[in-house]
Amino acid sequence: NNLKFKHKLGYGLGDAGGCLTFTLMGNMFAMYCTDALGINEYLLATLLFIWNVWDFINDPIMGAIMDKVFAKNKNPRGKFRPWILRSAPLICVTFIALWSVPQFFDGIAMLAILFCLKILYEGTYTMFNIPMGSLLSAMSNNDAERASLSSARGIGSGVGNMIPVAVMPLVIAALGGENDPTGYAVGSVICAVIGLVMCLMHYKLTEERNTTPN
């Protein structure tokens, strides 16, 4: 059967939902750490280096886990979509916690909590992003259809990038400014919940139609 509009819409919503949280990590996380949490810039640079190393190594780890789990269980829902359903709520929870919980602690405790929550968020995002990207090959073997899915993903990415960049600064400005953690916490809830809805719609509207994706 040919791809339907719902399949393309669903696939695009996956990147939209993911970008709603991921974009803020690139655009505002450093400001949140230095301005709202008061972390020294040199210390933050060290933490960012460690986090980036973790982000680099968790991709192949997740890919290997997906292969082993599917080889063992042969989930009838597919190889990739079950991971999307598992990871989407975890992304929402860990993202909100990352942008809200550390403010209630000081010193080493605050740094430790921030460090662990960032590790957890990056891990859950990888748990979503790797299967979401791999899902394309399981949805179609047709080059033209795959191209249309890629285009839908690009549109979704654009939408997912625009929403948090527009929403978060407004919320921060309305709730105390850049030095007040309240705005970051509220903005994270808004973006994470919208992202969760999009990710769940991505799961609902997509379909693994190839038993041996390539």
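See above for the structure.
Residues numbered from 1 in each chain as written. Predicted model: local features only at pLDDT ≥ 70, side-chain atom pairs only at ≥ 80, totals over all residues. Heavy atoms only, no water.

**A short note on the overall build of the protein chain**
On a plain count of helices and strands, the protein chain comes out with seven helices and zero strands. For the protein chain, the succession of helices and strands along the chain, N to C, is α-α-α-α-α-α-α. Radius of gyration (C-alpha) of the protein chain: 18 Å, near the 17 Å computed for a compact globule of 214 residues. Counting only C-alpha atoms and orienting by the principal axes, one finds that the protein chain spans roughly 55 × 35 × 25 Å. Each of the 214 residues in the protein chain was classed as buried or not, and the buried ones make up 47%. (Helix = DSSP H or I, 4+ residues; strand = E, 2+ residues; numbered from the N terminus. Rg over C-alpha atoms; globule rule 2.2 N^0.38 Å. Buried < 20%, exposed > 50% of the residue type's maximum accessible area, 1.4 Å probe, protein only.)

**Concerning the packing of aromatic side chains**
For any pair of aromatic rings, the description rests on two quantities: the centre-to-centre distance and the angle between the ring planes. In this structure the tally under the stated criterion is 11 aromatic pairs. Consider the rings of Tyr-32 and Trp-99, whose centres lie 4.8 Å apart with planes at 25°: the pair is stacked. Of this pair, Tyr-32 sits in helix H2 (residues 29–36) while Trp-99 sits in the loop between helix H4 (81–98) and helix H5 (107–139), and the two are 67 residues apart along the sequence. Summarising the burial analysis for this pair, Tyr-32 and Trp-99 share the class buried. Between Trp-99 and Tyr-184 the ring centres are 6.2 Å apart and the planes differ by 20°, which places this aromatic pair in the stacked class. Of the two residues, Trp-99 is situated in the loop between H4 and H5 and Tyr-184 in helix H7 (residues 181–205); the sequence distance between them amounts to 85 residues. With a relative accessible area of 0%, Trp-99 lands in the buried category. Look at Tyr-184 and you get buried, because its relative accessible area is 0%. Here a set of aromatic residues connected by ring pairs shows up, and it is made of Phe-22, Phe-29, Tyr-32, Trp-51, Phe-95, Trp-99, Phe-115, Tyr-121, Tyr-125 and Tyr-184. A cation over an aromatic ring shows up here: Arg-81 above the ring of Tyr-203, its NZ or CZ 4.2 Å from the ring centre. (Phe/Tyr/Trp six-rings, centres within 6.5 Å; stacked < 30°, edge-to-face > 60°. Lys NZ or Arg CZ within 6 Å of the ring centre and 35° of its normal.)

**Some thoughts on helix H1 (residues 5–27)**
Here H1 is 23 residues long and its end C-alpha atoms lie 32 Å apart, about the 33 Å a rise of 1.5 Å per residue gives. Approximately 40° is the largest bend angle found in H1, and it occurs at Cys-19. (Expected span 1.5 Å × (residues − 1). Bend = angle between axes of the 7 residues up to and from the residue.)

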